[in-house]
Structure formats: C-alpha cells, structure tokens
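Below, each chain spelled out in residue letters.
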Amino acid sequence: MRLPRRPRLLVPVAIALGAIVILFFLFAGIFTDYLWYDSVDYTAVFSGVIVTQILLFAVGALLMVGIVGGNMLLAYRMRPMFGPGMFGGASGADRYRMALDPHRKLIFLIGVAVLGLFSGSSFSGQWKTWLEFINATPFGTTDPQFKMDISFFMFTYPFIRMVLNFLFVAVVLSALLSAIVHYLYGGFRLQSPGVHASRGARAHLSVLLGIFVLLKAVAYWVDRYGLVFSDRGFRHGASYTDINAVLPAKTILAIIALICAVLFFAGVVRAGGMLPGVGFGLLVLSAILIGGVYPALVEQFQVKPNQQGKEQEYIKRNIDATRTAYDVNDAEVIDYTAQGDPSKVNVSADSSISGVRLLDPSLVAKTYQQKQRIRGYYDFHDPLDVDRYPDENGTMRDTVVAVRELTGPPAEQNNWINRHLVYTHGNGFVAAPGNEVDSEGLPNFDAKDMPVTGSLVERTKLKESRIYFGEARGAAEYVVVGGNGQRNQELDYPESGGTGQKNTTYEGKGGVPVGSFINRMLYAAKYGEINLLLSGDVNPDSKILYERNPQQRIAKVAPFLSLDDNPYPAIVDGRVVWIADAYTTSNAYPYSQSKSLEAMTRDTITDPRVVVPQPRDQINYMRNSVKATVDAYDGTVNLYAWDEKDPILQTWRKAFPGVIKPQTEMTPELRQHLRYPEALFKVQRDVLSQYHIADPNAFYSGQDFWNVPNDPSSGERDIKQPPYYLSVKMPSTDKPTFSLTTTFVPRQGPNLAAFMAVDATPGEDYGKLRILRMPSNTTIPGPGQVQNNFQNKFSGELNLLGLGQAKVRYGNLLTLPFADGLVYVEPVYVEIAAASGQEPYPILRRVLVAYGSKVGSADTLKGALEQVFGDSTQAAPQEQQGEGKPAEEANANQPTTALAQAIDEAQKAYDKAQAALQADPPNWNDYGEAQKELQEALSKLKGTEASPAPTPSPSASGSPAPSATPTPVPSATPTPTPNP
C-alpha cells in the first residue's frame, strides 16, 4: 500500500529541517569560537588550527574513500562474466546479493561517506603531529645508537607511524570489503574442497595482501628506530637485548617481509595459492622465531644472569638522556654535614632565618575567608599563593596573596538576571606578609577590604581591582556586561549607606559584543538560553564574557602547551593579572625515562579537580617554555617565550608565528613576579630522587635512591610533602633568595638524605638546582622525625591549646640550611569554632623551631629562635622564677604541691573558657580573660616539671583535664580575644 503524497513529503521535509537545525548549532559553535578568538586577538590560532584540521580531514577522507571505495568498485567491475553460477550450484550469497543489488549505489555512497567521515575526523585529530613534522626544529644533538638528530624521534618518527597506521587501516578495509564484493558477485566461493576464486578476484586480493606485507616490511624497518623507547631493559631506552637481538631481528624481518610481498605479487601471474601461502607461512614463522623467541632467549640466558654488566652502557645512556630531557643535568650536588653548633650561632648577626614565612597558604585560606570575605557570595581560592612584594624599605619579602572572587548570587536570589547580569565580578586584592601576624595571631593584612586599602596598594599603585576573570568555583559560565551605562546594574561591592551596594558598568576591552540580533541569537543557541535573545537588559553596547578561568583561556589560545595547575595573581603595572606557567612536553625523547606527569606532581596541595587535562600524561621531556598572563579585568592573554632555546617551542612558533611574544617584551614589574613553576620542580625532584646518581653501577644497585617524604603535618599517609616557596640562603650564596624547596629521605628510613632548592627569582641564577647531600654515616632527622619530636616535646602545651572545641593545626614544616646546619620551622595554629553559624578558622599561636638536638616553642619566631640559639634560652625560665638561680635548681626546690596547684588553675581556666563559649551568644570577654588565666597557669608549670604530676580530675565537660609534661615549655603570652 502506497503512502499518500502529503505524508511521503513530510519525511524528507523533516529530515531537511533536522539537518538545518544541526547545521545551525554547528555553525553557532564554530562562529562563536571565532568571535572569542577575535576578542582576544588570537584569530591566527583559530584559523591555523581549523584550516589544518580541514585540510587533514579532506586528505584523510579522500584517501580512505579513494583507496577503499576504489577497490570496492574494482572488485565489482572484475565480477565474473557468467555471474555467481560459474562455480556451479546455488550459494548462500545469492539472497544477500538479490536484496542488496537494487540499492547498491545508495549503500555504496552512504558507506563511503560514513567511512570518509570517521577516517577524516581521525586524521584531522592528528593536527599537532602534522604541524610538528612540517615545522620541525633540529635539537643539534644526536642519539647514541643511530646517530640521528633528536628531532627525528620527536617529530618525524611519530608522523611516519601515523601515516603507516592510516595505510594499514586502508589496506585492511580494502581487502575485507573487496572480498565481500567478490563473494557477493561470485568472484570466489567457500566450498568443499577449498576456496574457488576467479582469476580477477585472486589477482586483486593477492595485490592487496602483497601491499599489506610490503607495508609490514616498511614498518619493521621503521620499528628499528622505535627501539630507543623500549621498556624491555632495566630502564627505558634500547637495552642490550634490543640492540643485539631485536635490532638485527627487525632488519631480517623487513627483508623477509619484502620477499613475502614479492611472493604475493607473484600470485597475480601464477594461478594457485601456493606462492601466497608460502609467503604467509614464512612471514608468520619468522615473526615468531626471529622476532619473539630469539630475543627472549637472549634476554633469559645472556642478560639476566649478567644484567649489571650487560646493561651498563645502556643504563648510562638512559641516565644521560633523562637528565637532559628533564633539564636536571646541571644540578649542583653539595656535600653538607649539617652539624652546626647552636651555641656558636649569632641569630642577630645572620638574619637570613628571621624572615622565614610563617603563614601556611593551605591553612590560612580559611582565615582570609573569615576576615576578608565580607559577604557570603565572595570567596578565596584554596590554597592561597606566595609571591614577593617590597616592604616600606624596598626589601622584597614573601607575601601570601589572594583575590576576592565572586561565586554567584545568594541562593534565594539566584535567577538568570542576578547570576549573569548583576553578580558579574569579584573585587579586591588581599595580601599579608608571610613572616608576621598581628597581635591576635591573624595575618597582618597590608592589602584588604573593598575598595582595596593598605600600604601594599599604595606601594604597587593598584588602580583596577575588579576580578572578572578568575578561578572561582561555581561562578557563572558567562556574564553579560557593559552597555551604555544608563542601567549601571553590576554589583561592584557592598557598602553601608544608600542602597547597600555600589554598582558599576564594565568598561574593559574584553568580551564579545552581543548588541546585534545575529550575535545574540548565536549565543542563545550556544548556551541554550532564550533570555539572551529576549532580555531588554542586553542592549546594543553589551558584551558577553566567557571562558573566564585563566587556565582555560590560556589552554584555548595555546592548545599545544601543557599548563601548571596553579596560576597566581599579582599586581603588575597597577592591574591584577594572573600569571601561569606553560610547558612543552613530549614522550618521544630517546632513552629518557617515561613517567606519569600526574603521579609526579601529586601531593597534599594538588587538587585534581582544577588540574587542566594534560594532552600527554606519560612524558619523558619537559620544559617551562612559556610564561602566560591573563588580565583579571579585561581577560587579555599574553604569551611570552621563556625558554627560547627549546626546540619544541621553536617548532610551535614556526607553526603559529607572532602568537608567542619574545621575552624582551615583558615589563620589569612583570618579571619581578615571575617564579620557578611548581609542577616542573615536582617533576624534577621526582627524577632527581634517582637520577642524582650518574654512575651506572651505583644506579643499578639503587642503594642511594631517595624518596620525597610524606607530609608530616597533614596526618595522612602516602601523600608527598609539597615543595614550599620561601626565601632561603644556600651555603654557596651571599644572601637569601626566593626559592622553591624540598627534602629527600632514603628509600628506607626516616632520616634526612638531602635538601634541594631552586632559585625561583628571575636573574642570572634562575632555575639553578642545588642539592645539599647529607652524610650517609650520620643521622640527620627527617621531617617526620622532627614532627614527632615537636609533638612529644610540647605535647602538654599543645594539648592545652586544643582543649574543648579548639583544634590544633600544624602548618607547613619548613626546612632551611642555616649556620652549617639545618633548622626546621613550623607554625602551629589553633582553630576555634566561634559564633553560631561561623566556620572555624586558624589563628597562629605557636612557632616551633628545631636545630640539631635543640627545640624551642614560643609565640613568635624570634622567641623560638632565642630558645634554640641564644643565652635567652635559659633566661626566660629564670625570670619566671623571680630569682637569680638557674632554672634547674629552682625546679628542684619547687614543692610538689605547686604542680598540683598550677594544674588546678589550668583546669579552672579551661572550664571558664568552655562556659564562655557555650553561652548564647558566646561571651568573648570572659573567654579572653580565661585564656589569659590559662596562659598564666602554663607559665607556672614550667618551674614544676621535675616533680611527678598528679592525675587531674575530669573536666566539667567530660574531657580529661590537661596533664603536665616533664618537658620545659616556654612562656606563653595571653591568648587574645577572638572576634565574634
């Protein structure tokens, strides 16, 4: 029964409409991408990538369709004259042929179209490989085996493999589909006895199989060069077995495959399947025996019994290549005894330790939030960042910085207008010196509030503090800003007078104009939001801002780079800009050890939720080739060549000329804020944990391999301690320099094996890696041991700080070389749950210092240092006794009842503090007085530690009362009253 004419017309009309809708959304995605690239002045990247992809798509699709489709047409034209009956009898293929033959043209066209679509898409996805190949830059260094420039393995070899893989797929598909056509149209039959084929079908398939085997011969020959990436041996790179067994085997197999290809081609002129069968059998047998069995025998019976001697040369190649590929070959290893005498150290004469950073960026983020968030819809990225800024005297000092970013409107006001048109940006730069706190133990902010105020703002001449582009999680995907200024509806910052808020209108050059109906319609389609098309608040002068995360913007304008997961804000030339490090990476450096980038960079501060996906997780080459900036107000992206000698960077600069600016275009103020990148340093410390050893025999034994210690302050196991930015004076330097530091411990054992620092300040020594290697015959405490020592020595004092709702939080345990030894500095915070609904935040309460066997604890770094190094170590206890006697003698004469009295006073003070906290609302005055009384009780405990402490009664809250510790504790200053 035939369908009426109208329903029959509806089907093609519906298909056409569907196609138009799909094409419209596809066009909207591509054209809005172009508009975005045009808004940031990087259309060269957009056009360069998309033109390359289109050309590769066309080439891949046409080649695949031409090869496969041509062979299918050839098979059809070579069908037998007498049709399927030439071999006699009916065949199962007849019914398939009868069903398909009337529609063969349509099926063929649809089939090759789909094939072309998939193959073209796959080929266009290899645009990076193609651009690297045609723009390849020589390294000027040859590999030790084939004596070819490294660029061949980095750029040419991957392209050859890509082409071979494409041709293999094309030939295999051609053979399969041609065989199906021959079968359907009677070219051959699968029937007893054996296979019956026409002359044309046999010749056609023999040629295709011969081409396949010929490609295999080429692949065997090319595979010889791939041996430099082998993982067969003790380390990556061609091993003894690869060079002495696999390499000659690949050469022999290439020759055999070439002979077999000739045998397959001979099947064209000689009837019968003997020659192709002989060729196929010879190829399979030789691949098994020569390519598999022979290398396995060499490995088992020659190499494994004598691996150290056999692999020595190849281990040396791996060591040299790995150190070069990860840029650690110039690392300076210094033998360091770390046996300084604290009694001979004059801290006041050597002030390099007095400016050490005490604020832990991963802890004080909560403090920044509570003290500077202002409103609940603002937030700070956690962890915070460490930078350098001059103080009042012009001296650079470590500074903990953050920007106040907008997370979105309050939940009850979270509608489209508020989210995308009103709550558009954050506001403010917040900073505090890393080496000091105020009288309450809080960061001593020198940039704060809205509008931004503070001495740092005056010194840096900050003019624009609005943050339209940032890292805030939960921020709107896009915002519509600007306009003619009449509405002035963007929330700038809250204020106490008037309407309660100060409004503004965006005036930056960033963003894509959406005043025209066409642009509004395209973006409405892109985001599926009809309000963009209909809203009267979107006026002719409006702009849309999207891709607002700095990493996303950089990744989009430089898709050939890998990015560090921690961009940081800085005040540069009066504006807030995000600074990010970008890397050129590869997994194709011959003989270099391949490792997982994610595994090498994972530690306690790495947040996997914000890591930009890396194009190549397995890498064996890395350079910090580019420094990138993103303006926080207008989104301007700038890329600067940092390692201009890097051949990979030079290759990409040829591919995209003018996109990456020369280093000379950086302003001096921008250079002042550049720093050595964390991700690269983490990779290098992972490599140097083994590759600090250059001797292949010592490397093979692995006795001096190191590990990165677990973070002792995190309380979690199997998580590496992160590197720390701080100013360090190395033994071979004259003054402290801003550095990135880490420690190593032996593979087995908690002792300190080495300390490593890299100069992070742009200058002559930037990037200089220095390793202080500890003596192997002397025990130097490692971070874990120092942490345990701190907790054991000061357990009574710290436990008292953590009574009730308070929680003791240990900050970053910093290690610094100092006065021929090593000093450990750790800030201790107390986190107290304050008013109802307010999150607890940490307050600095103690600074712990260790140097050799001496430890100290005080409210300030100066006090702790004096306890460890100066005569004041004993002065404080003497003063507390009120006599001129030594502290030990005073403690010996202290009656036992004094200890019980001090503990009783501490218990009463604690109970009083708890009562003040549990009041509704909390009584902060009483709480502050109780804290003072508690500190006074702690001071009395110092003179009574010689006598055994009686067991105190439980506190009123049910918690055990604090017990005295036999370890002397320093005097404590009164704890300030927390702010409600």
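Residues numbered from 1 in each chain as written. Predicted model: local features only at pLDDT ≥ 70, side-chain atom pairs only at ≥ 80, totals over all residues. Heavy atoms only, no water.

A. Local environment of the overall build of the chain. Assigned secondary structure in the chain consists of 28 helices and 32 strands. Within the span of the chain, comprising 980 residues, buried residues form 52% of the whole. Once local pairs closer than 6 in sequence are excluded, the contacts in the chain between residues at least 24 apart make up 70%. (Helix = DSSP H or I, 4+ residues; strand = E, 2+ residues; numbered from the N terminus. Buried < 20%, exposed > 50% of the residue type's maximum accessible area, 1.4 Å probe, protein only. Contact = heavy atoms within 4.5 Å.)

B. Spatial organisation of the sheet that holds strand S9 (residues 429–433). Reading across the sheet, the three strands line up as S5-S6-S9 and stay open at both edges, with antiparallel pairing between neighbours. Two strands in the sheet have a free side with no partner beyond their single neighbour: strand S5 (385–390) and S9. Across the sheet, the mean angle from the axis of one strand to that of its neighbour is 40°, orientation sign disregarded. Here strand S6 (residues 396–403) runs beside S9; their pairing, made up of five bridges, is antiparallel. Its bridge partner being in S9, Val 401 is matched across the sheet by Ala 431. Sitting on the sheet, helix H11 (residues 365–372) is in contact with S6 and S9, with an inclination near 125° to S9. (Pairing = 2+ DSSP bridges. Axes fitted to C-alpha atoms, helices over the stretch in contact; angles between N-to-C directions.)

C. Here's a closer look at the pairing of strand S12 (residues 490–494). Burial within S12 is extensive, with five of its five residues counted as buried. Bridge analysis of S12 against strand S13 (residues 501–504) gives four bridges, and the strand direction is antiparallel. Residue Leu 491 lies in a different strand from S13, and its bridge partner there is Asn 503.

D. Region of interest: the sheet that holds strand S11 (residues 478–482). Read across the sheet, three strands follow the order S11-S15-S14 without closing on themselves; strand pairing throughout is antiparallel. The sheet is open, and its two borders are formed by S11 and strand S14 (512–513), each paired with just one other strand. Pairing analysis gives two bridges linking S14 to strand S15 (residues 542–546), with the strands arranged antiparallel. Within S15, the position partnered with Pro 513 by the bridge is Lys 543. Docked against the sheet, helix H14 (residues 517–527) engages S11, S14 and S15, running at close to 30° with respect to S15.

E. Broad picture of the side chain of Arg 357. Relative to the assigned elements, Arg 357 resides in the loop between strand S3 (332–335) and H11. It is Asp 398 that comes nearest to the buried, bridge-free Arg 357 among opposite-charge side chains, at 5.0 Å. A distance of 2.7 Å separates a polar atom in the side chain of Arg 357 from the backbone oxygen of Leu 359. Among the polar contacts listed, one links the side chain of Arg 357 to the side chain of Asn 812, at a separation of 2.9 Å. (Lys, Arg positive; Asp, Glu negative; His and termini not counted. Salt bridge = Lys/Arg side-chain N within 4 Å of Asp/Glu carboxyl O. Polar contact = N/O pair within 3.5 Å; in protein donor to acceptor, adjacent residues only side chain to side chain.)

F. The arrangement of the nonpolar core in detail. In this structure, Tyr 42, Met 154, Phe 429, Tyr 523, Leu 639 and Phe 656 are the most contacted members of the largest nonpolar core, which totals 151 residues. Dropping the residues within four chain positions of it, Phe 656 is found in contact with Ala 44, Val 45, Gly 48, Val 49, Trp 127, Leu 131 and Phe 560. One finds Phe 445, Ala 806, Tyr 810 and Ala 858 within the second-largest nonpolar core, a separate group that totals 63 residues. (Core = buried A, V, L, I, M, F, W, Y, C linked by side-chain atoms within 4.5 Å.)

G. Fine view of helix H5 (residues 127–134). Among the residues making up H5, those that are buried are Trp 127, Thr 129, Leu 131 and Glu 132. Where H5 is buried, its residues touch helix H2 (43–77), helix H4 (104–124), helix H6 (150–184) and helix H18 (647–655).

H. Fine view of H6. Given a rise of 1.5 Å per residue, 35 residues ought to cover 51 Å, and the 51 Å separating the end C-alpha atoms of H6 matches this to within 8%. Along H6, the largest kink reaches about 40° and is centred on Thr 156; proline Pro 158 follows within four residues of it. Just downstream of H6 lies Gly 186, where phi reads positive at about 85°. (Expected span 1.5 Å × (residues − 1). Bend = angle between axes of the 7 residues up to and from the residue.)

I. Layout of the confidence of the model for the chain. When pLDDT is averaged along the chain, the result is 84, and 84% of the positions lie at 70 or above. Here residues 942–980 scores under 50 on pLDDT; set against residues more than four positions off or in separate chains, the count is 99 contacts. (pLDDT = per-residue confidence, 0-100.)

J. Seen up close, the packing of aromatic side chains. In total, this model carries 46 aromatic pairs according to the counting rule given. Ring centres of Phe 818 and Phe 869 lie 5.5 Å apart, and the angle between their planes is 75°; this geometry places the pair in the edge-to-face category. Within this pair, whereas Phe 818 is found in strand S29 (residues 814–818), its partner Phe 869 is found in helix H24 (residues 861–869), the two being separated by 51 residues in sequence. The pair Phe 818 / Phe 869 is uniform in exposure class, with both members buried. (Phe/Tyr/Trp six-rings, centres within 6.5 Å; stacked < 30°, edge-to-face > 60°.)

K. Structural detail: the packing of H5 against H6. Relative orientation of the contacting elements H5 and H6 amounts to 130°, with a least axis distance of 8 Å. The angle between the axes of H5 and H6 places the two elements in the oblique class. Judged by the twist between their axes, the crossing of H5 over H6 is left-handed. Residue-level inspection shows Thr 129, Trp 130, Glu 132 and Phe 133 of H5 in contact with H6, the latter providing Met 154, Phe 155, Thr 156, Pro 158, Phe 159 and Met 162. (Parallel < 35°, antiparallel > 145°, perpendicular 65-115°, else oblique. Left-handed = near helix turned anticlockwise from the far one by under 90°.)

L. Representation of the packing of helix H8 (residues 240–266) against helix H10 (residues 307–325). Relative to each other, H8 and H10 sit at 100°, their axes nearing to 8 Å. Considered as vectors, H8 and H10 are oriented roughly perpendicular to each other. Residues Tyr 240, Ile 243 and Asn 244 of H8 form the contact with H10, whose participating residues are Lys 310, Glu 311 and Tyr 314. Of the residues that constitute the contact of H8 with H10, the class distribution is three nonpolar, one polar and two charged. (Nonpolar A, V, L, I, M, F, W, Y, C, P; charged D, E, K, R; others polar.)

M. Looking closely at unusual backbone geometry. Following Asp 382, the chain continues into Pro 383 via a peptide bond in cis, with omega recorded as 5°. Following the sequence through the fold, Pro 383 ends up in the loop between strand S4 (378–379) and S5. Backbone geometry at Asp 41 places phi at a positive 65°, although glycine is not the residue there. Relative to the assigned elements, Asp 41 resides in the loop between helix H1 (5–39) and H2.

N. Broad picture of a nonpolar patch on the surface. Nonpolar side chains collect at one region of the surface, where Phe 280, Val 284, Leu 285, Ile 288, Leu 289, Val 293, Leu 297 and Phe 301 lie side by side and expose about 770 Å² of accessible area between them. Among the structural elements, Ile 288 can be located in helix H9 (residues 274–303). Looking at Ile 288, the relative accessible area reads 48%, which means it is partly exposed. (Patch = residues over 30% accessible without salt bridge, like charges linked within 9 Å, V, L, I, M, F, W, Y side chains within 5 Å. Areas by Shrake-Rupley, 256 points an atom, 1.4 Å probe, with all protein chains shown as cover.)

O. Representation of the side chain of Thr 137 within the structure. By secondary structure assignment, the location of Thr 137 is in the loop between H5 and H6. What makes Thr 137 buried here is its relative accessible area of 6%. A distance of 3.1 Å separates the side chain of Thr 137 from the side chain of Lys 654, its partner in a polar contact. In contact with Thr 137, not counting residues within four places along its chain, are Ser 151, Phe 155, Pro 647, Gln 650, Thr 651 and Lys 654.

P. Main features of the environment of Pro 443. For Pro 443, the location among the structural elements is in the loop between S9 and helix H13 (455–460). Residues Pro 443 and Ile 843 lie 400 residues apart in sequence; the distance between their C-alpha atoms is 8.6 Å. Beyond its immediate stretch of four places on either side in the chain, Pro 443 contacts Leu 359, Thr 367, Tyr 368, Ala 432 and Asp 438.

Q. Local environment of the pattern of salt bridges. Following the criterion strictly, the structure yields 29 salt bridges and no others. For the salt bridge of Arg 623 with Asp 643, the shortest nitrogen-to-oxygen distance reads 3.9 Å. Taken together, the positions of Arg 623 in strand S21 (residues 621–631) and Asp 643 in the loop between strand S22 (637–641) and H18 put the pair 20 residues apart, joining distant regions of the chain. Salt bridges sharing common partners tie together Glu 392, Arg 397, Glu 436, Asp 446 and Arg 459.

R. Region of interest: the environment of Ser 352. Within the fold, Ser 352 resides in the loop between S3 and H11. By relative accessible area, Ser 352 is classed as buried at 12%. Linking Ser 352 and Lys 735, residues 383 residues apart in sequence, is a C-alpha distance of 7.3 Å.

S. Local environment of the environment of Gly 658. You can see Gly 658 is positioned in the loop between H18 and helix H19 (668–673). Gly 658 sits in the exposed class, given a relative accessible area of 72%. Sequence separation between Gly 658 and Ala 44 is 614 residues; the distance between their C-alpha atoms is 8.6 Å.

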